[in-house]
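Structural description and commentary
Chain by chain, the residues:
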Amino acid sequence: ETGVTQSPTHLIKTRGQQVTLRCSSQSGHNTVSWYQQALGQGPQFIFQYYREEENGRGNFPPRFSGLQFPNYSSELNVNALELDDSALYLCASRLAGEVLETQYFGPGTRLLVL
Amino acid sequence: GDSVTQMEGPVTLSEEAFLTINCTYTATGYPSLFWYVQYPGEGLQLLLKATKADDKGSNKGFEATYRKETTSFHLEKGSVQVSDSAVYFCALSGRSNDYKLSFGAGTTVTVRA
């Protein structure tokens, strides 16, 4: 039990639609990162938010966007879904300034795009 | 950029067998190295880490040594159990990737009773 929860657990969308995935961080964790894990691959860093602002981004297009809220929850939004967006999406939270070892991952949301 | 290459799976073992999963990395500078484990239906959990050359990380009977000369961080366990069945990911983090985690593709391990 990491204290990080994600919703929904599974989701099916069609190409072109928009999706919002949610993450609830551990209380006090002001930094959240999102990762995309395609089937059979390792997680790929999408972006990181600190105090409600994006402060790091991986090699993902602008249709991937996020929000972070003061209550330690956050969202990942993906517009104009493509088939290749089918993946497990993981969020991870930590306290800024703490080393990465203190980062806790949620169980993920599995997205299928048809 | 920084990257990690790990042994492809799947790996199937009998209980009490010896497990090795190879991991090599490419990085500028001196990254920190990690092994994460993902049990079915769960998120990633940090298994062990090493932050400098010759460091040995260990946890739950697993060990890995940071070898700068061979740029490797192989995971080993002397006697596996059925409960060790999971997907194992090697990862690194360093200044050149802005201290974000870069993961390998993962190795699926199945331990049979």
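Just above, that's the structure.
Since this is a predicted model, take the numbers as computed values, not measurements.

1. Overview of the overall build of chain B
- Scanning chain B for helices and strands turns up 0 helices and 12 strands.
- The C-alpha radius of gyration of chain B comes to 13 Å, within 12% of the 13 Å expected for a compact globule of 113 residues.
- For chain B, the spread of C-alpha atoms along the principal axes amounts to about 45 × 30 × 20 Å.
- Classification of the 113 residues of chain B by burial places 48% in the buried group.
- For chain B, long-range pairs separated by at least 24 residues make up 56% of all intrachain contacts whose partners lie at least 6 apart in sequence.
- When the accessible surface of chain B is summed, it comes to about 5,400 Å², and 46% of that surface belongs to carbon and sulfur atoms.
- Chain B carries 10 positive and 12 negative side-chain charges, and their two centres are separated by 6 Å.

2. Focus on the environment of E63(B)
Residues and elements named next belong to chain B.
- The topology assignment puts E63 in strand β8 (residues 62–65).
- Taking the relative accessible area as the measure of exposure, E63 reaches 34% and is therefore partly exposed.
- E63 sits 43 residues away from T20 along the chain, and the two C-alpha atoms are 9.7 Å apart.
- Apart from the residues lying within four places of it in its own chain, the contact partners of E63 are L48, K56, G57, S58, H74, L75 and E76.

3. Some thoughts on the side chain of T107(B)
All names here are of chain B.
- Along the chain, the position of T107 falls in strand β12 (residues 107–112).
- Side chain to side chain, T107 and Q6 meet in a polar contact 2.9 Å long.
- Apart from the residues lying within four places of it in its own chain, the contact partners of T107 are Q6, M7, E8, G9, V11, I21, A86, V87 and Y88.

4. Regarding the state of the cysteines
- Tallied over the full model, the rule gives 2 disulfides over all chains.
- The side chain of C23(A) participates in a disulfide bridge whose partner is C91(A); the two sulfur atoms lie 2.0 Å from each other. Between C23(A) and C91(A), the S-S torsion sits near 75 degrees, and that sign places the bridge as right-handed. Here C91(A) lies in strand β9 (residues 87–94) and C23(A) lies in strand β3 (residues 19–24), a separation of 68 residues in the sequence.
- Classification of C91(A) by relative accessible area gives buried; the value is 0%.
- Covalent S-S linkage joins C23(B) and C90(B), the inter-sulfur distance amounting to 2.0 Å. Note on the C23(B) and C90(B) pair: the S-S dihedral is about -70 degrees, so by sign convention the disulfide is left-handed. Taken together, the residues span a long stretch of sequence, with C23(B) in strand β4 (residues 23–26) and C90(B) in strand β10 (residues 86–93) at a distance of 67 residues.
- For C23(B), a relative accessible area of 0% translates into the label buried.
- A residue is classified by how much of its surface remains accessible, and C90(B), at 1% relative accessible area, is buried.

5. With respect to the packing of aromatic side chains
Residues and elements named next belong to chain A.
- Scanning the entire structure with this criterion turns up 12 aromatic pairs over all chains.
- Measuring from ring centre to ring centre gives 5.7 Å for Y35 and F105, while their planes differ by 50 degrees; the resulting arrangement is tilted. You can see Y35 sitting in strand β4 (residues 31–37) and its partner F105 sitting in strand β10 (residues 104–105), a full 70 residues away along the chain.
- Residue class for Y35 comes out buried when judged on its relative accessible area of 1%.
- Overall, F105 belongs to the buried group, its relative accessible area being 2%.

6. A few points about the sheet that holds β8(B)
Residue and element names in this part refer to chain B.
- In space, the 4 strands of this open sheet follow the order β3-β9-β8-β7, with antiparallel pairing throughout. Of all the strands in the sheet, the pair left with one neighbour each is β3 (19–21) and β7 (56–59). Taken over all neighbouring pairs, the strand axes of this sheet differ in orientation by 15 degrees on average, direction set aside.
- Pairing geometry for β8 and strand β9 (residues 75–77), over 3 bridges, is antiparallel. Along β9, the bridge assignment pairs E63 with E76.

Thresholds applied
- Residues numbered from 1 in each chain as written.
- Chains lettered and ligands numbered in written order.
- Predicted model: local features only at pLDDT ≥ 70, side-chain atom pairs only at ≥ 80, totals over all residues.
- Heavy atoms only, no water.
- Helix = DSSP H or I, 4+ residues; strand = E, 2+ residues; numbered from the N terminus.
- Rg over C-alpha atoms; globule rule 2.2 N^0.38 Å.
- Buried < 20%, exposed > 50% of the residue type's maximum accessible area, 1.4 Å probe, protein only.
- Contact = heavy atoms within 4.5 Å.
- Areas by Shrake-Rupley, 256 points an atom, 1.4 Å probe, with all protein chains shown as cover.
- Lys, Arg positive; Asp, Glu negative; His and termini not counted.
- Charge placed at Lys NZ, Arg CZ, Asp CG, Glu CD.
- Polar contact = N/O pair within 3.5 Å; in protein donor to acceptor, adjacent residues only side chain to side chain.
- Disulfide = S-S within 2.5 Å.
- Phe/Tyr/Trp six-rings, centres within 6.5 Å; stacked < 30°, edge-to-face > 60°.
- Pairing = 2+ DSSP bridges.
- Axes fitted to C-alpha atoms, helices over the stretch in contact; angles between N-to-C directions.

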